[in-house]
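Okay, here's what each chain looks like letter by letter:
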Amino acid sequence: MNDFKTKDFILHFSKKHLILVILLAFMIIGASVSSLLPSYALKYLIDGVINPLLASQAQINQKEILLATGAYFGSYLLVGFFTIFENYMIDLYGQKMIHELRYAMIEKSHRIQSSYFTRNGTGTMTSRVTDDVNSIEMLFAEGLVSLLVNFFKIIGILISVFVFSWILGLILLLLIPIVFFVTQSFRKKMLKNQLSNRKLVNQETNNLSETIDSSLVIKNLSKEGYRQNQFTGLLNKDYQVMDKTAWLDSLYSPIIEMLKAITISAVTLLVAYSINSTDSLMGLSIGTFAAAMSLISSVFSPIESIGQELQTMQEGTSGIKRVEKFMNEPEICKKNPAFTSQVVSKSVDYKPLLQFKNLSFHYDDGTELIYNGMNLTINKLDKVTLVGRTGVGKTTLFRLVMGILEPTSGEIDLNGYNVSLIPDPEKRALFGYVQQDFKFIPGTIEDQITLKDPTISLTQVRKAMQDAFLDDYVMSHIEGGYEAKFNEEDFSRGQLQLLNLARAMVLNPQLLLLDEISANLDSKTEKQVIDALAKATSERTVISISHRLSDQLGFTKVIEVRDGKAY
């Protein structure tokens, strides 16, 4: 998705769900209009029914009283109906929007360049998809939509009061900015404290995580008191911030209630004075006065809500910027569906297995070229050892070979096919990558090899495990065999590395990539790995970063990587 804009996404979403938008608009209008009905029903009940009866001393018409009372009660039922379905429609709109936006972001993550994940931790991606999308949903659903509802309610109340009395209308017109100013003043102070609280909670979490990760070092150096004092200091600051927030929160409601009481008292005195005045400026009936008071009292709630909604929208704006930045991240090049593993692996007429053609690469967060116009040819069944100082880019070269990273310029061909154009699901049958540490996934022992790929059979799993000398161990020492839940403690460090090898070999790839796999092995477990590798590499092209391991396997071709070139 190029040049992603949230407003365009919302517009497209609204067109796609036009009926939902129409229903939402109907509920907004219904909620705004229905909120005025109880006041008008109250005016009719008092002026149209009760006052005439009291004035004429006529016999009470119970049917008329019941109808008027029923109308008043029914107006509140209508308010309740529209409020329920307004909230439901807002939630439905928001949840559908969240679902589609998150789906679009997950799709984007499949197309995004791997350098994004190199620059950002897993928490960043999680935060974009969860927290930021939630803030956008709240901005549009609980922010913008609710803001419109409350704005229409205030306009309706203001017009109605002006209809009853232009003087009361002017009073209300002056009151609204005062209440809004008080609300916003409290909201800004509370928001400032909330942001400080979030920052402090984040610092507390990091402090606690660092303490746990470094617990042995802290104990050895007797620094428990120092770390405890740091954490206590953060807790005290957090307590002070939350205490201020609680104090502001406890003050806000009484102040609003006091403003409401002052307003109603002042208006009551003004109306009472006008009744005895010869000018009779206001001349309100009892029913009109009651209705006006009901409307003036009800205006405080939407004003308070608007303050909260503006804050929500302010918070959501930053979420929009972060989501748009993510959605506009550079994407990988479009894959060629014709480049299947069968097609690429059966290209027997192409003699070199792997060719680096004028390859240049740098990560997009820097300008330093890791590779600069590198040319290299690796033939079928070559056993190659890559050597070079730490940080020269050997592991990066593996990622370029597998098409995880894309060259800045030039290309890498496997059997004559550009690896960057090979679809990702096809790569596992072409490249067997054995990394330094075994990364397990939740599931069974079989799942560790198949990675939950349903196309890989148990027969293929057992063949790969036999080649890695682990099949007998799993079948005889682990209850449940391959269907048993994987437990890392059931395997030694060397066996975990053999699992890595079995995972890489299960689809019989042409090219095997060994990334420092003997770095953490002792001599005994290293021999197990060497024996398994000797069998696995005998009929395959292999590129290894481990010089010591390559010597033991009899690799004869050594390529030095330095200054962005291969020698």
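Quick note: structure is the one above.
Below is a summary of the structure that appears in this document. Note that this is a predicted model, so its numbers are computed, not measured.

**Regarding the packing of aromatic side chains**
Within the structure shown, the criterion is met by 14 aromatic pairs. Measuring from centroid to centroid gives 5.4 Å for Tyr-72 and Tyr-76, while their planes differ by 90°, and the two rings are edge-to-face. With Tyr-72 and Tyr-76 both in helix H4 (residues 62-111) and 4 residues apart, this pair spans about one turn of that helix. The class of Tyr-72 is partly exposed, set by a relative accessible area of 23%. Using a relative accessible area of 42% as the deciding quantity, one classes Tyr-76 as partly exposed. Between Phe-398 and Tyr-433 the ring centres are 6.2 Å apart and the planes differ by 90°, which places this aromatic pair in the edge-to-face class. Residue Phe-398 is found in helix H13 (residues 394-401), and its partner Tyr-433 is found in strand E6 (residues 431-434); the two are separated by 35 residues along the sequence. On the basis of relative accessibility, which here comes to 24%, the residue Tyr-433 falls in the partly exposed class. Here the aromatic cluster, defined as three or more aromatic residues joined through ring pairs, consists of Phe-438, Phe-440, Tyr-473, Phe-486 and Phe-491.

**Details of the layout of surface pockets**
Here the largest pocket is characterised by a volume of approximately 1,200 Å³. Considering the residues around the largest pocket, the lining is formed by 33 residues, among which Ser-114, Met-402, Ile-404, Tyr-433 and Gln-435 are closest to the centre. If you list the elements that add at least two residues to the lining of the largest pocket, you get H4, helix H5 (115-119), helix H6 (122-164), helix H14 (424-427), E6 and helix H18 (493-505). Among the residues forming the lining of the largest pocket, the class breakdown is 12 nonpolar, 12 polar and 9 charged.

**Details of the packing of helix H2 (residues 18-34) against H4**
Geometry of a packed helix pair, given as the angle between the helix axes and the separation of the axes. Where H2 contacts H4, the two axes come as close as 9 Å, and the packing angle between them is 145°. Handedness of the H2/H4 crossing: left-handed. Here Leu-20, Val-21, Leu-23, Leu-24, Phe-26, Met-27, Gly-30, Ala-31 and Ser-34 of H2 come into contact with H4, specifically with Leu-78, Val-79, Phe-82, Phe-85, Glu-86, Met-89, Ile-90, Leu-92, Tyr-93 and Lys-96. Residue composition of the contact of H2 with H4, by class: 15 nonpolar, 2 polar and 2 charged.

**Describing the pairing of strand E1 (residues 352-361)**
Where burial is concerned, most of E1 is hidden: 8 out of the 10 residues are buried. By the bridge criterion, 6 bridges tie E1 to strand E2 (residues 371-379) in an arrangement that is antiparallel. Its bridge partner being in E2, Phe-356 is matched across the sheet by Leu-376. Pairing analysis gives 5 bridges linking E1 to strand E4 (residues 409-414), with the strands arranged antiparallel. Across the sheet, Gln-355 pairs through a bridge with Asp-413, a residue of E4.

**Considering the side chain of Lys-427**
Considering the arrangement of structural elements, one finds Lys-427 in helix H14. Here the side chain of Lys-427 touches Met-402 through a polar contact of 3.1 Å, landing on its backbone oxygen. Each residue touching Lys-427, except ones within four places of it in the same chain, is listed here: Lys-335, Met-402, Gly-403, Ile-404, Val-419 and Ile-422.

**Description of the sheet that holds strand E7 (residues 511-514)**
Pairing is mixed in the open sheet, where 6 strands are placed in the order E6-E7-E8-E3-E9-E10. Strand pairing shows two members of the sheet lacking a second neighbour, E6 and strand E10 (565-566), which therefore form its edges. In the sheet, strand E3 (residues 383-387) pairs with strand E8 (residues 541-544) via 3 bridges, with the strands oriented parallel. From the neighbouring strand, Val-384 faces E8, where its bridge partner is Ile-543. Together, E6 and E7 form the strand contacts of H18, whose direction differs from that of E6 by roughly 170°.

Reading the values: the criteria
- Residues numbered from 1 in each chain as written.
- Predicted model: local features only at pLDDT ≥ 70, side-chain atom pairs only at ≥ 80, totals over all residues.
- Heavy atoms only, no water.
- Phe/Tyr/Trp six-rings, centres within 6.5 Å; stacked < 30°, edge-to-face > 60°.
- Helix = DSSP H or I, 4+ residues; strand = E, 2+ residues; numbered from the N terminus.
- Buried < 20%, exposed > 50% of the residue type's maximum accessible area, 1.4 Å probe, protein only.
- 1 Å grid on protein atoms, 1.4 Å probe; cavity = no way out; pocket = protein on both sides within 12 Å on 5 of 7 lines; lining within 4 Å.
- Points joined across faces, edges and corners; volume = space filled by probe spheres on them.
- Nonpolar A, V, L, I, M, F, W, Y, C, P; charged D, E, K, R; others polar.
- Axes fitted to C-alpha atoms, helices over the stretch in contact; angles between N-to-C directions.
- Left-handed = near helix turned anticlockwise from the far one by under 90°.
- Contact = heavy atoms within 4.5 Å.
- Pairing = 2+ DSSP bridges.
- Polar contact = N/O pair within 3.5 Å; in protein donor to acceptor, adjacent residues only side chain to side chain.

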